[in-house]
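Here are the chains, one letter per residue:
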Amino acid sequence: MNPFKELPKTSKISYPSFNNLAPKPYDKNQTDPYTKTRVILMNGTEFESNWFLHHFNRHCLNNDVRRVIAGVRREEQFQQKRISSLKPINESILETTIAYEQLAVDLTADMAQKEPNPFVKAQLDFALLEDFDHLYRYANLLDMEEGVHAERLVGKYTELTPARPTISEHRHPNDDVRRYINCWQDSLITRLHANIITAAEQQTMNYYMNVGSFYHSDLGRKLYSEIAMIEEQHVTGYGSLIDPSSTMFESWVMHEYTECYLYYSCYQDETHPQIKKIWLEHFEQELNHLKIASDMLKKYEGRDWEQLFVGGADFPALIKLKQNKEYIRDIIKSVRLTGYFEDMVLVDDLKDSDVFFKYQREVNGKAPKNASHMVIDKYIKKYGEDYRYEDKPSVEKTLRDRTIDNTELGRKKGV
């Protein structure tokens, strides 16, 4: 499908009644886990679209353009509120967090397996291991404090087991900035992946930044703060991939194209009848937004959309959320990697003077007192071993011992 060649049902922006902003929420006990993750994905996508258009507005000298932007942004806001309302009231902050991390894991794994650019794939695989470890630590907190087994929440599609320890993920800012892609040379799917994963991780970062202080235990509040800092690192790394040479009008077209692609992907994949209908309605609205953005590109930069999609604008392989256990197990073999400027290197290959070790000493101190470690340590002391859901023991032998939390792997040389 080429969304530029699909005719929108209407060429007008519509503003629905506020009564339509609160659809019936999904049932947290009956709804498929991937429906929940799609809700989070599209909530984050709409957040990214809104804030991009606000950014555009604040750097635009033409009020006629700003009025068009404001009109599109208002409808995007209606979409975002509608999606956000699908979350049920009785779903706790931590239960929602499990869905956030499952999305990060399985969305990243799906894209990494289709990604043709080896550098972008390396960044996806690198951060995937960190989100996978976050899922494990939140799952232990959930069982310890709320008595809920996260394996039920993830539908047993995703394993709950450690990867690169969260304590080892804290890197100096210099080592999270990556090389950016070239929108004229890289494939359309690479451009989509960079946009999608940046928005998804940004949504996770914002969620943890905002809800962490509302969590009911001190240990939980600290865990949200620590992992939110890692999400900041992920947004830095993923955001660095996006081609910074694109004009604002080019970026607008790409944002709307990305939304069309994602809503169509969600519609094709959705099993929840009510929510499937919402994805289709929003897709049809986004077709109109895409036409508006491409018309503005033509009017103010004198260029047609075809010039931005030199290889064609047909949707590449759609996003499909599914279990990726074997792929993730294979990626865990690279658990000893860390960031080094634009690249990823083995911790053993760093010099003792490199900023990674200095930063680790500054934020972690001499003894591991991080919340990410204390959650597991406290759980082990209470129950004798950590909480896991795994089909078979980890491929990383140093992570198989369930009676101790490894705080040195990927952090110290020779481990």
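Every value quoted in this text rests on a predicted model; they were computed, and no experiment measured them.

### Notes on the overall build of the protein
- The secondary structure content of the protein amounts to 12 helices and two strands.
- Oriented by its inertia axes, the alpha-carbon framework of the protein measures out at about 60 × 45 × 35 Å.
- Look at the contacts in the protein between residues 6 or more apart in sequence, and 85% of them connect residues 24 or more apart.
- Only carbon and sulfur atoms are counted for the fraction: they give 53% of the accessible area of the protein, which is about 17600 Å².

### With respect to the layout of surface pockets
- For the largest pocket, the calculated volume is near 600 Å³.
- If you go around the largest pocket, you meet 29 residues; those closest to its centre are Glu-48, Asn-195, Ile-242, Ser-251 and His-255.
- At the level of secondary structure, the elements contributing two or more residues to the lining of the largest pocket comprise helix 1 (33–58), helix 6 (188–211), helix 7 (218–241) and helix 8 (248–269).
- By residue number, the principal contributor to the lining of the largest pocket is helix 8, which donates eight residues.
- The residue makeup of the lining of the largest pocket, split by class, is 14 nonpolar, 10 polar and five charged.
- Quantified by volume, the second largest pocket comes out at close to 350 Å³.
- Within the residue set of the lining of the second largest pocket, elements represented by two or more residues are helix 1, helix 2 (63–84), helix 3 (93–114) and helix 6.
- Broken down by class, the residue content of the lining of the second largest pocket amounts to nine nonpolar, seven polar and three charged.

### Digging into the pairing of strand 2 (residues 343–346)
- One ladder, built from four bridges, connects strand 1 (residues 337–340) with strand 2; its direction is antiparallel. In the strand pairing of strand 2, Thr-338 is matched with Val-345.
- In sequence, strand 1 turns back onto strand 2 through a hairpin of two residues, with Phe-341 there showing a positive phi of about 50 degrees.

### Observations concerning the nonpolar core
- Counting 106 residues, the largest nonpolar core has Ile-98, Leu-107, Ile-196, Trp-252, Tyr-257, Trp-279 and Phe-309 as its most contacted members.
- When residues of this core are assigned to their parent elements, the largest contribution, 14 residues, is made by helix 4 (residues 118–146).
- Apart from residues lying up to four places away in sequence, Phe-309 is in contact with Phe-4, Leu-188, Val-253, Met-254 and Tyr-257.

### Quick word on helix 8
- With 22 residues, helix 8 should reach 32 Å at 1.5 Å per residue; the first-to-last C-alpha distance of 31 Å fits that figure.
- When you tally the buried positions in helix 8, you get 19 out of 22 residues, the bulk of the element.

### Topic: the side chain of Glu-259
- Checked against the element boundaries, Glu-259 lands in helix 8.
- Excluding its chain neighbours within four sequence positions, the residues that come into contact with Glu-259 are Thr-45, Glu-46, Ser-49, Glu-76, Gln-79 and Glu-286.

### Focus on the packing of aromatic side chains
- Scanning the entire structure with this criterion turns up 28 aromatic pairs.
- Seen in terms of ring centroids, Phe-4 and Trp-305 are 4.1 Å apart; in terms of plane orientation they differ by 0 degrees. Their pairing is stacked. Taken together, the residues span a long stretch of sequence, with Phe-4 in the segment before helix 1 and Trp-305 in the loop between helix 9 (273–301) and helix 10 (325–331) at a distance of 301 residues.
- For Trp-305, a relative accessible area of 16% corresponds to the buried category.
- Site record: aromatic cluster; members linked through ring pairs are Phe-4, Tyr-257, Tyr-261, Tyr-264, Phe-283, Trp-305, Phe-309 and Phe-315.

### Concerning the environment of Asp-295
- Positionally, Asp-295 belongs in helix 9.
- Sequence spacing of Asp-295 and Val-253 is 42 residues, and the spatial spacing of their C-alpha atoms is 9.4 Å.

### A few points about the state of the cysteines
- The full count for this structure, using the stated rule, is zero disulfides.
- The thiol of Cys-260 is unpaired, and the distance to the nearest cysteine sulfur, on Cys-266, comes to 12 Å.

Definitions and cut-offs
- Residues numbered from 1 in each chain as written.
- Predicted model: local features only at pLDDT ≥ 70, side-chain atom pairs only at ≥ 80, totals over all residues.
- Heavy atoms only, no water.
- Helix = DSSP H or I, 4+ residues; strand = E, 2+ residues; numbered from the N terminus.
- Contact = heavy atoms within 4.5 Å.
- Areas by Shrake-Rupley, 256 points an atom, 1.4 Å probe, with all protein chains shown as cover.
- 1 Å grid on protein atoms, 1.4 Å probe; cavity = no way out; pocket = protein on both sides within 12 Å on 5 of 7 lines; lining within 4 Å.
- Points joined across faces, edges and corners; volume = space filled by probe spheres on them.
- Nonpolar A, V, L, I, M, F, W, Y, C, P; charged D, E, K, R; others polar.
- Pairing = 2+ DSSP bridges.
- Core = buried A, V, L, I, M, F, W, Y, C linked by side-chain atoms within 4.5 Å.
- Buried < 20%, exposed > 50% of the residue type's maximum accessible area, 1.4 Å probe, protein only.
- Expected span 1.5 Å × (residues − 1).
- Phe/Tyr/Trp six-rings, centres within 6.5 Å; stacked < 30°, edge-to-face > 60°.
- Disulfide = S-S within 2.5 Å.

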